[in-house]
Amino acid sequence: MTNPATATRSAGARPGFDSSLSPDEFKAAFRGHPAGVAVITADAGGGPVALTATSVSSVSADPPLLIFSISAQSSTAAAFARAETVVVHLLDADDLEVAKLGATRGVDRFAETDRYSRLVTGEPVYNGVRAWVRCAVIGRMDAGGSTVIAAHALQSQIDRDVSGGQHGDALVYHNRSWHRLGEHSQIT
């Protein structure tokens, strides 16, 4: 019996790399996979930049490390390629306008000067978000048309904490739309 995982492998090809999902197939698979929403800011010397990301993930608690990715097509890619530090804003449903701002193309995300401030270390931080983490960039890796950035958490502020086992008011992105998680969505 032929193993489906190796059936189309040509002689000499690396296992698992001889074929690939199409971009549409890959997007369809992830469309049903909800993700938390973050806005990431930086200033590499050319002025503040921001982007909304659903790729933020914690990697390690000791040392405190996280990763996120940024598309090479993003207008902020060059700034994030130079940034030594970033601020990752972990959002809840009360922060939807900040999430939308970071996701909107062609706008000045820092035009409303009362919406953000600067840390003493210079990074832009949006005021009043659920939580933010200031990080030092420790590595970058090209991955297809994106760059994966690894960062070490240095400082944080939590304005709206979520106790263990509580639902909070999480903001998630699912199937091209924003959603609020709450008690109504808890199944266990």
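As a reminder, the structure under discussion sits directly above these lines.
Definitions and limits used
Residues numbered from 1 in each chain as written. Predicted model: local features only at pLDDT ≥ 70, side-chain atom pairs only at ≥ 80, totals over all residues. Heavy atoms only, no water. Salt bridge = Lys/Arg side-chain N within 4 Å of Asp/Glu carboxyl O. Helix = DSSP H or I, 4+ residues; strand = E, 2+ residues; numbered from the N terminus. Buried < 20%, exposed > 50% of the residue type's maximum accessible area, 1.4 Å probe, protein only. Arc of directions from axis to C-beta. Core = buried A, V, L, I, M, F, W, Y, C linked by side-chain atoms within 4.5 Å. Contact = heavy atoms within 4.5 Å. Pairing = 2+ DSSP bridges.

(A) Looking closely at the pattern of salt bridges. The full count for this structure, using the stated rule, is six salt bridges. For the salt bridge of Asp-94 with Arg-160, the shortest nitrogen-to-oxygen distance reads 3.7 Å. Of this pair, Asp-94 sits in the loop between strand 6 (85–90) and helix 3 (96–103) while Arg-160 sits in the loop between strand 10 (146–158) and strand 11 (171–174), placing them 66 residues apart in sequence. Residue classification places Arg-160 among the partly exposed positions, given a relative accessible area of 24%.

(B) Fine view of helix 3. Of the residues making up helix 3, those classed as buried are Val-98, Ala-99, Leu-101 and Gly-102. Mapping the buried residues of helix 3 onto a view down its axis gives an arc of 160°, with all of them on the same face.

(C) Summary view of the nonpolar core. Grouped together as the largest cluster of nonpolar side chains are 20 residues, with contacts concentrated most on Ile-40, Phe-80, Val-86, Val-88 and Cys-135. Among the secondary structure elements, those contributing two or more residues to this core are strand 2 (38–42), strand 3 (49–53), strand 5 (64–71), helix 2 (77–82), strand 6, strand 9 (131–143) and strand 10. In this view, Val-86 contacts Ile-40, Thr-41, Ala-42, Phe-68, Phe-80, Val-133, Arg-134, Cys-135 and Val-137; residues no more than four positions away in its chain are not counted. By size, the runner-up hydrophobic cluster in this structure holds 16 residues, among which are Val-39, Ala-99, Leu-119 and Tyr-126.

(D) Structural view of the sheet that holds strand 12 (residues 177–180). A sheet is described by the order of its strands in space; here three strands give the open sequence 1-11-12, paired in antiparallel fashion. Each edge of the open sheet is held by one strand with a lone partner, namely strand 1 (35–36) and strand 12.

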